[in-house]
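Read off the chains here:
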Amino acid sequence: MTYAHIPAKQLWLATLAAFATGLLTLVIVIMPAEYNIDPTGIGTQLGLTALSPEKLNEAPSALSNSANMDGLTTLVIPAGSGKEFKLEMTEGGQVDFEWITDGASIYVDTHGEPFNDPSGYFKSYVIATTGEMKGSFTAPFAGTHGWYFRNDSQQDITIQLFFEGQYENPHAM
């Protein structure tokens, strides 16, 4: 098929439609996600501004204490040490999460501990050594639930942790 049979008007309309689609994609998706510029506000509503390099490099000053919210934190795990990040959850609460390191693999134990339990009981959901993880968990009991990261390497490891769901009082330990 040759393009000689397509009227010029149709080619111009198709070109204009492609240009308009590209411009909308730039303003609604690319600018918020890549540059933290959101002239329409749609990128913020979709959570795209949290993906911008500027936001990923920020350490959050404080996370509010309310259920059903989105969180982002940066954790630096020094060489040869460990750190926990916990969320307070009620029984049946669910959290979706995703975390990634700056390239190195790290030991992680995703687990939960009941509130006020003197026995030291905890339940592990996932134990692995990896550089990234994505998933969700549902709290089988009221308590603190989250991640223990242990850095067995000779260099500090930085982790970007995104989480959302039904929790309160996120905090590093």
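A short tour of the structure in this document, coming up. Only a predicted model underlies this, so the values are computations on that prediction, with no experimental measurement involved. (Residues numbered from 1 in each chain as written. Predicted model: local features only at pLDDT ≥ 70, side-chain atom pairs only at ≥ 80, totals over all residues. Heavy atoms only, no water.)

1. Thoughts on the packing of aromatic side chains
By the definition in use, this model includes 10 aromatic pairs. When the centroid spacing of 5.3 Å and the interplanar angle of 70° are considered together, the rings of F97 and W147 count as edge-to-face. Taken together, the positions of F97 in strand 3 (residues 94–101) and W147 in strand 7 (residues 143–150) put the pair 50 residues apart, joining distant regions of the chain. Taken individually, F97 and W147 each receive the classification buried, so the pair is uniform in this respect. Each member of the aromatic cluster is reached from another via a ring pair, and the members are F85, F97, Y125, F137, W147, F163 and Y167. Taking the ring centre of Y107 as reference, the NZ or CZ of R150 above it sits at 4.1 Å. (Phe/Tyr/Trp six-rings, centres within 6.5 Å; stacked < 30°, edge-to-face > 60°. Helix = DSSP H or I, 4+ residues; strand = E, 2+ residues; numbered from the N terminus. Buried < 20%, exposed > 50% of the residue type's maximum accessible area, 1.4 Å probe, protein only. Lys NZ or Arg CZ within 6 Å of the ring centre and 35° of its normal.)

2. Observations concerning the pairing of strand 4 (residues 106–114)
With respect to burial, strand 4 is a largely interior element, 7 of its 9 residues being buried. One ladder, built from 8 bridges, connects strand 4 with strand 7; its direction is antiparallel. Looking at strand 7, one finds that H111 is bridged to G146. (Pairing = 2+ DSSP bridges.)

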